[in-house]
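Summary of the model geometry
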Amino acid sequence: MFITDAYAQGAPAADPTGGLMQLLPIILMFVVLWFLMVRPQMKRAKEHKAMIQALAKGDEVVTQGGIAGRVTSVDEDFVRVEIAKGVEVTVQKPTIAAVLPKGTLKNF
């Protein structure tokens, strides 16, 4: 009495693209994110790694904490940086943020 009769409907038409159009926005989003975010970050990491490997005694550097000084010795994992006359600190290699041009630190 309260239930209406259910009639069978015809099968929906097949999608000629095979559902690719539904996945296209997601694929496009991943491609855009790759070129705008992932790729530049990989490039920066590669440049930083090359800079760290090229560190040598006498280079003037700035750490990620903002400490500027001159490299006095380079080990496998650590670098000793002279930040004032007679004052040296030991920092890990990855904490070196930049290598300054020679002569930037004139107070040594």
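Refer to the structure printed above.
Residues numbered from 1 in each chain as written. Predicted model: local features only at pLDDT ≥ 70, side-chain atom pairs only at ≥ 80, totals over all residues. Heavy atoms only, no water.

Another point: the overall build of the protein. The helix and strand inventory of the protein stands at 1 helix and 5 strands. The buried share among the 108 residues of the protein stands at 17%. Within the protein, residue pairs in contact and separated by at least 24 positions form 42% of the contacts whose partners lie at least 6 positions apart. (Helix = DSSP H or I, 4+ residues; strand = E, 2+ residues; numbered from the N terminus. Buried < 20%, exposed > 50% of the residue type's maximum accessible area, 1.4 Å probe, protein only. Contact = heavy atoms within 4.5 Å.)

Let's shift gears to the sheet that holds strand 2 (residues 68-74). Spatially, 4-3-2-1-5 is the arrangement adopted by the 5 strands of the open sheet, whose pairing is antiparallel. If you trace the sheet from one side to the other, it starts and ends with strand 4 (87-92) and strand 5 (96-100), each paired once. Averaged over all pairs of adjacent strands, the angle between strand axes in this sheet comes to 45°, irrespective of strand direction. Two elements, strand 1 (residues 60-63) and strand 2, share 3 bridges in a ladder whose sense is antiparallel. By the bridge assignment for strand 2, Val62 is matched with Ala68. (Pairing = 2+ DSSP bridges. Axes fitted to C-alpha atoms, helices over the stretch in contact; angles between N-to-C directions.)

Attention now goes to the pattern of salt bridges. In this structure the tally under the stated criterion is 3 salt bridges. With its nearest N and O atoms 2.7 Å apart, the salt bridge here joins Arg70 to Glu60. With Arg70 in strand 2 and Glu60 in strand 1, this pair connects stretches of sequence that are 10 residues apart. Here Arg70 falls in the partly exposed class, since its relative accessible area comes to 22%. A salt bridge links Arg80 to Glu88, with the nearest nitrogen and oxygen atoms 3.0 Å apart. For Arg80, a relative accessible area of 30% corresponds to the partly exposed category. A residue is classified by how much of its surface remains accessible, and Glu88, at 36% relative accessible area, is partly exposed. (Salt bridge = Lys/Arg side-chain N within 4 Å of Asp/Glu carboxyl O.)

Attention now moves to the side chain of Glu82. Structurally, Glu82 can be placed in strand 3 (residues 78-84). Put simply, Glu82 is tucked away with no salt bridge, and the nearest opposite charge, on Arg70, sits 5.3 Å away. A polar side-chain atom of Glu82 sits 3.4 Å from the main-chain amide nitrogen of Gly86. (Lys, Arg positive; Asp, Glu negative; His and termini not counted. Polar contact = N/O pair within 3.5 Å; in protein donor to acceptor, adjacent residues only side chain to side chain.)

With 34 residues, helix 1 (residues 20-53) ought to run about 50 Å at 1.5 Å a step, and its terminal C-alpha atoms sit 46 Å apart, in line with that. The principal kink in helix 1, of about 45°, is found at Trp34. (Expected span 1.5 Å × (residues − 1). Bend = angle between axes of the 7 residues up to and from the residue.)

When a strand is regular, its side chains alternate between the sheet's two faces. Connecting strand 1 to the antiparallel partner strand 2 that follows it, the hairpin turn spans 4 residues, and Gly66 within it adopts a positive phi of roughly 95°. Where strand 2 lies against strand 3, 4 bridges are found, and the strand directions are antiparallel. Considered in strand 3, the bridge of Val71 is made with Val81.

Keep in mind these numbers describe shape, not what the thing actually does.
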